[in-house]
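Chain and residue survey
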Amino acid sequence: MTDGSPDRLRDSTERDRGNRRGEPARIALAVTRDRNAELLSELLDDHDVVEAGTEVPPGTDVCVVDPKGFAEVREALSAWKRRERPAAAPVLLVAGATEDELWTRYAEAMGESLDAIQPVPAPRRAVRARVDGLLSVRHESLLAADRRARLELYERAMNGANVGISIADATAEDLPLVYVNDGFEEMTGYDRAEVLGRNCRFLQGEGTDPATVRRLREGIEAERPVAVEIRNYRKSGEPFWNRVEVVPVEGDDGETAHFIGFQRDVTERKDREELLAEYERVVRSVSDPILVLDADGTVRYVNEAAERAFGAGATGAAAAELFAPGRPRPSRRCSTPSGRRARS
């Protein structure tokens, strides 16, 4: 595989393209021997082969250097590697010596500005396999960096959400929590370290309705979305109303891998509803007719006594019409929201 020079690649017609990953990669060469540069360009002609200068060209996936070229662009390689982090920026040294000799000679550069060494002479397929291996490392590192960036984005979004978010492992026994956001911590008073690995039922207490728990559990067991409003308890013991929505999420195999829970504190609304319900019970039990008017004097609510006095059509009528001359008057006093009472 040589023409007589130890730093020359064997010039043959054999072509081994190795592992291709769709789009051509960009490979930058800092190879000072013209014939070696020519042979490498031919070997890698299914990729975009460019020359590395004082800076590594943008979009480069792998750099291939020889000893003299490495000395000339070493600082540029280190800067390129720093820019590409956390993705890998592989550099391959092609040199005419044994692998042990090269590792000894370049030990302090390995990991900092070099990643792999290819002694020459060597079969073309060996050189191509080494380049393809580094391209695979680059490809996987870019995917990992992209996943990491997306996960960080998702986490920032979830932590910035004004609702609690939790994720449970659907494949583990008892559905342990594997993630909670800041909103969950603020709502419940528990730190992440206290809840991860536990089932979310620790939020339940003596005032939690068993029927609601059963409805939630049935939805999870059936692996379908389910939403309930449930009485939970903060770490301090304070009860609160929690609107919980649980959604199953499938993995790559199509099976449910996780359950995502969204929690909203609806205590204020529930308290208002309970207060209004109590008020309505009291109003309905009063024997005097009571009418609730809006700002225009239209009747928006009547209790049972008012229905008997004015008829079922009183709601929606103008209060002035109910007391118009010639209209039958109620036999009892009538209360309005202003507190004034009208006697028939």
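Scroll up to find the structure.
First, a word on scope: everything that follows refers to the structure included in this document. (Residues numbered from 1 in each chain as written. Predicted model: local features only at pLDDT ≥ 70, side-chain atom pairs only at ≥ 80, totals over all residues. Heavy atoms only, no water.)

**Considerations on the packing of aromatic side chains**
Scanning all chains against the criterion turns up two aromatic pairs. Arranged with centres 5.9 Å apart and planes meeting at 80°, the rings of phenylalanine 70 and tyrosine 106 form a pair that is edge-to-face. Linking phenylalanine 70 in helix α2 (residues 67-84) with tyrosine 106 in the loop between α3 (99-105) and β5 (116-119), this pair joins segments that are 36 residues apart in sequence. A cation sits over an aromatic face here: arginine 198 above phenylalanine 202, 4.4 Å from the ring centre. The cationic tip of lysine 270 hangs over the ring face of tryptophan 241; the distance from NZ or CZ to the ring centre is 4.5 Å. (Phe/Tyr/Trp six-rings, centres within 6.5 Å; stacked < 30°, edge-to-face > 60°. Helix = DSSP H or I, 4+ residues; strand = E, 2+ residues; numbered from the N terminus. Lys NZ or Arg CZ within 6 Å of the ring centre and 35° of its normal.)

**Some points on α2**
Note that an α-helix has 3.6 residues per turn; residues three or four places apart therefore point the same way. Roughly 65° is the biggest bend found in α2, and it falls at valine 73. Those residues of α2 that fall on the buried side of the exposure criterion are Gly69, Phe70, Val73, Ala76, Leu77, Ser78, Trp80 and Lys81. (Bend = angle between axes of the 7 residues up to and from the residue. Buried < 20%, exposed > 50% of the residue type's maximum accessible area, 1.4 Å probe, protein only.)

**Digging into the sheet that holds strand β1 (residues 26-30)**
Read from one edge of the open sheet, five strands run β2-β1-β3-β4-β5, paired in parallel fashion. Only two strands of the sheet have a single partner each, and these edge strands are β2 (48-51) and β5. Mean inter-strand twist for the sheet, computed between neighbouring axes without regard to direction, equals 25°. Alignment of strand β4 (residues 91-95) against β5, held across four bridges, turns out to be parallel. (Pairing = 2+ DSSP bridges. Axes fitted to C-alpha atoms, helices over the stretch in contact; angles between N-to-C directions.)

**Observations regarding unusual backbone geometry**
Residue proline 86 is reached from arginine 85 by a cis peptide bond, and omega for that bond is 10°. Its place among the elements puts proline 86 in the loop between α2 and β4. Put simply, valine 120 and proline 121 share a cis peptide bond, and its omega is 10°. The residue proline 121 is located in the loop between β5 and α4 (124-160) in this model. The phi angle at aspartate 174 is positive, at roughly 70°, despite the residue not being glycine. Its location among the elements puts aspartate 174 in the loop between β6 (164-169) and β7 (177-180).

**Digging into helix α7 (residues 210-221)**
Here α7 contains twelve residues, and its C-alpha end-to-end distance of 16 Å stays within 8% of the 16 Å for a straight helix at 1.5 Å per residue. For α7, the complete set of buried residues consists of Thr212, Val213, Leu216, Gly219 and Ile220. Looking straight down α7, one finds its buried side chains confined to an arc of 125°; they lie on one side. Among the exposed residues of α7, those oriented more than 90 degrees off its buried face are Pro210 and Glu221. Looking at the buried positions of α7, the neighbouring elements they touch are β8 (226-233), β9 (239-250) and β10 (256-265). The first or second residue beyond α7 is glutamate 223, which carries a positive phi of 55°. (Expected span 1.5 Å × (residues − 1). Arc of directions from axis to C-beta. Contact = heavy atoms within 4.5 Å.)

**Considerations on the sheet that holds β6**
Pairing within the open sheet is antiparallel, and its five strands lie in the order β7-β6-β10-β9-β8. The strands lining the two open edges of the sheet, one partner per strand, are β7 and β8. For this sheet, the mean angle separating the axes of adjacent strands, direction not counted, is 25°. Sheet topology places β9 next to β10; nine bridges connect them, and they run antiparallel. Residue pairing for β10: glutamate 245 is matched across the bridge by phenylalanine 262.

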